[in-house]
Amino acid sequence: MKKIGLFVLLLLLIVSSIFVGVKDISLTQLFQWDSQQQLVLLTTRLPRTISLVIAGSTISISGLIMQHLTQNKFVSPSTAGTMDSARLGILVVMIFFPTAPLLFRSFIAFLFAFGGTLAFIYLTRFLPAKNQVMIPLIGVMFGNIIGSVATFFAYQFQLVQNMSSWLQGNFSTVMKGNYELLYLTIPLLIVTYLFAYRFTVVGMGEDMATNLGLNYQRIQLFGLGIVALSSAVVLIMVGNIPFLGVIVPNLVSMRYGDHMKNTLAITAVGGSIFLLACDVLARVVIAPYEVPVSVVVGVLGSFIFIALLMRRKTA
């Protein structure tokens, strides 16, 4: 699909997201300044649509950064232990600082996500780099270990239901006044664009980056910091969205190449399109009830992920 087609599709999905739901919104009544229609639009539909666009682009770009930093097409925050580490950090806050403000929770989640990602990167140094499937597989196992530790302590403190419902990817609870922390990821996306060339060079390997005058370790830590902070914010605001950070960068790379500065905007748009489409589907599949968007993304994303693995194997 041409680039202009992607932006047109994104616009159509944004309009669909605004007007699809249990409560019907009429353009005629909106233009007549109907107070009830405007309340639904400004309080729930617009915040939900904005959060879908931001979360989809943020998760996709985080996956793109991770793939460049690890030189592996199947690594993302959900397959590198980043999300599970942030989840453990949130559990620590719920146990020891139950009344802590949202920014403090985000900071602790960021510290755990950053630490868990560093541990995974250190672990990859002992794995065969040529095996593209082994590294994300180990990452999933590493994340499951961290997730098991979090679940164990959640059972001990009777927080399993609270943590599970809070961290499940779901946009139905997004309303005006409780999603604005997602705007923090926009400056991170701008910084990512400014450092896109450096991330691309780092993705060529430590020797290449050093020969071109870059500090490989510093750029890698900086990129991991962006990924950890973005992942922590998205996890706290809307929960865990699986596979998105893997499949969208891969699909974009297959069509537009691997130069990060050229594909960054397309990856962001692609992630928003995929998440918006899944969310609209989640609203209509058993209407008037709603399926968590993480379930829809997980089902569709798993099939696409398997197809990507099979394509890589036969390539």
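Calculation criteria
Residues numbered from 1 in each chain as written. Predicted model: local features only at pLDDT ≥ 70, side-chain atom pairs only at ≥ 80, totals over all residues. Heavy atoms only, no water. UniProt positions renumbered as here; feature names shortened; annotations may be inferred. Helix = DSSP H or I, 4+ residues; strand = E, 2+ residues; numbered from the N terminus. Buried < 20%, exposed > 50% of the residue type's maximum accessible area, 1.4 Å probe, protein only. Contact = heavy atoms within 4.5 Å. Axes fitted to C-alpha atoms, helices over the stretch in contact; angles between N-to-C directions. Left-handed = near helix turned anticlockwise from the far one by under 90°. Nonpolar A, V, L, I, M, F, W, Y, C, P; charged D, E, K, R; others polar. Salt bridge = Lys/Arg side-chain N within 4 Å of Asp/Glu carboxyl O. Core = buried A, V, L, I, M, F, W, Y, C linked by side-chain atoms within 4.5 Å. Patch = residues over 30% accessible without salt bridge, like charges linked within 9 Å, V, L, I, M, F, W, Y side chains within 5 Å. Areas by Shrake-Rupley, 256 points an atom, 1.4 Å probe, with all protein chains shown as cover. Phe/Tyr/Trp six-rings, centres within 6.5 Å; stacked < 30°, edge-to-face > 60°. Lys NZ or Arg CZ within 6 Å of the ring centre and 35° of its normal.

As recorded in an unreviewed UniProt entry, the chain goes by the name Iron ABC transporter permease, listed as coming from Enterococcus silesiacus. According to the UniProt record, the Sequence similarities (unreviewed entry) comment for the chain reads "Belongs to the binding-protein-dependent transport system permease family. FecCD subfamily." Check the Subcellular location (unreviewed entry) section of the UniProt entry for the chain; it says "Cell membrane".

1. Regarding the UniProt feature "transmembrane region" (unreviewed entry) in the chain
UniProt records the feature "transmembrane region" (unreviewed entry) at residues 90-123, 135-160, 181-199, 219-252, 264-285 and 291-310, using the numbering of this structure. As annotated, residues 135-160 has a helix share of 88% and a strand share of 0%, and its two end C-alpha atoms lie 29 Å apart.

2. Notes on the side chain of Asn72
Along the chain, Asn72 falls in the loop between α3 (35-70) and α4 (82-96). The exposure class of Asn72 is buried, given its relative accessible area of 1%.

3. Regarding the environment of Ala282
Along the chain, the position of Ala282 falls in helix α13 (residues 260-284). Given the relative accessible area of 0%, Ala282 is considered buried. Put simply, Ala282 and Pro292 are 10 residues apart on the chain and 6.6 Å apart in space, counted from C-alpha to C-alpha. Residue contacts for Ala282: discarding those within four places in its chain leaves Tyr289, Glu290, Val291, Val293 and Val296.

4. Concerning the packing of helix α1 (residues 3-19) against α13
Between α1 and α13, the least distance of the axes is 9 Å, while the angle of their chain directions is 35°. Note that α1 runs across α13; the crossing there is left-handed. Contacts between α1 and α13 involve Lys3, Leu6, Phe7, Leu9, Leu10, Leu13, Ile14, Ser16 and Ser17 on the former and, on the latter, Ile266, Val269, Ser272, Ile273, Leu276, Ala277, Val280 and Arg283. Per-class residue counts for the contact of α1 with α13 are 12 nonpolar, 3 polar and 2 charged.

5. A word on the pattern of salt bridges
A full pass over the atoms with the stated rule returns 3 salt bridges. Residues Asp279 and Arg48 are paired through a salt bridge, measuring 2.9 Å at the closest nitrogen-oxygen approach. Taken as a pair, Asp279 in helix α13 and Arg48 in helix α3 lie far apart in primary sequence, 231 residues in all. Here the two residues Asp279 and Arg48 agree in accessibility, since each one is buried. Of the charged contacts, one joins Arg283 and Asp279 as a salt bridge, the two residues approaching to 2.7 Å between their closest N and O atoms. Of this pair, Arg283 and Asp279 both sit in helix α13, separated by 4 residues, roughly a single helical turn. Each member of the pair, Arg283 together with Asp279, is buried.

6. Observations concerning the environment of Asn162
Topologically, Asn162 is positioned in helix α7 (residues 160-167). Under the relative-accessibility criterion, Asn162 is labelled partly exposed at 42%. Sequence separation of Asn162 and Leu91 is 71 residues, and the distance between their C-alpha atoms is 9.9 Å.

7. Quick notes on unusual backbone geometry
Phi at Gln158 is positive, roughly 55°, even though this residue is not glycine. Mapped onto the secondary structure, Gln158 falls in the loop between α6 (134-156) and α7. With a phi angle near 70°, Phe243 is a residue other than glycine that sits in the positive phi range. By the secondary structure assignment, Phe243 is in the loop between α11 (216-238) and α12 (244-256).

8. Concerning the nonpolar core
Counting 83 residues, the largest nonpolar core has Phe171, Val238, Ile241 and Leu275 as its most contacted members. In terms of residue count, α11 provides more of this core than any other element does, 13 residues in total.

9. Quick look at the side chain of Arg48
Residue class for Arg48 comes out buried when judged on its relative accessible area of 9%. Setting aside its immediate chain neighbours within four residues, Arg48 contacts Phe171, Ser172, Val174, Asp279, Arg283 and Glu290.

10. Points about a nonpolar patch on the surface
Taken together, the side chains of Leu281, Val284, Val285, Ile286, Tyr289, Val295, Val299, Leu300 and Phe303 present a nonpolar region at the surface, about 840 Å² in accessible area. Mapped onto the nonpolar patch, the elements with two or more residues apiece are α13 and α14 (293-314). Per-element tally for the nonpolar patch: the top contributor is α14, with 4 residues. Within the fold, Val285 resides in the loop between α13 and α14.

11. Some thoughts on the packing of aromatic side chains
Each aromatic ring pair is summarised here by two numbers: the centre-to-centre distance and the angle between the ring planes. On inspection of all chains with the given rule, the structure shows 8 aromatic pairs. With centroids separated by 5.3 Å and ring planes inclined at 80°, the aromatic side chains of Phe152 and Phe153 adopt a geometry described as edge-to-face. Under the relative-accessibility criterion, Phe152 is labelled partly exposed at 47%. Through a chain of ring-to-ring contacts, the aromatic side chains of Phe74, Phe243 and Phe305 assemble into a single cluster. A cation sits over an aromatic face here: Arg198 above Phe195, 4.9 Å from the ring centre. We note Arg255 situated over the ring of Tyr256; from NZ or CZ to the ring centre the distance is 5.1 Å.

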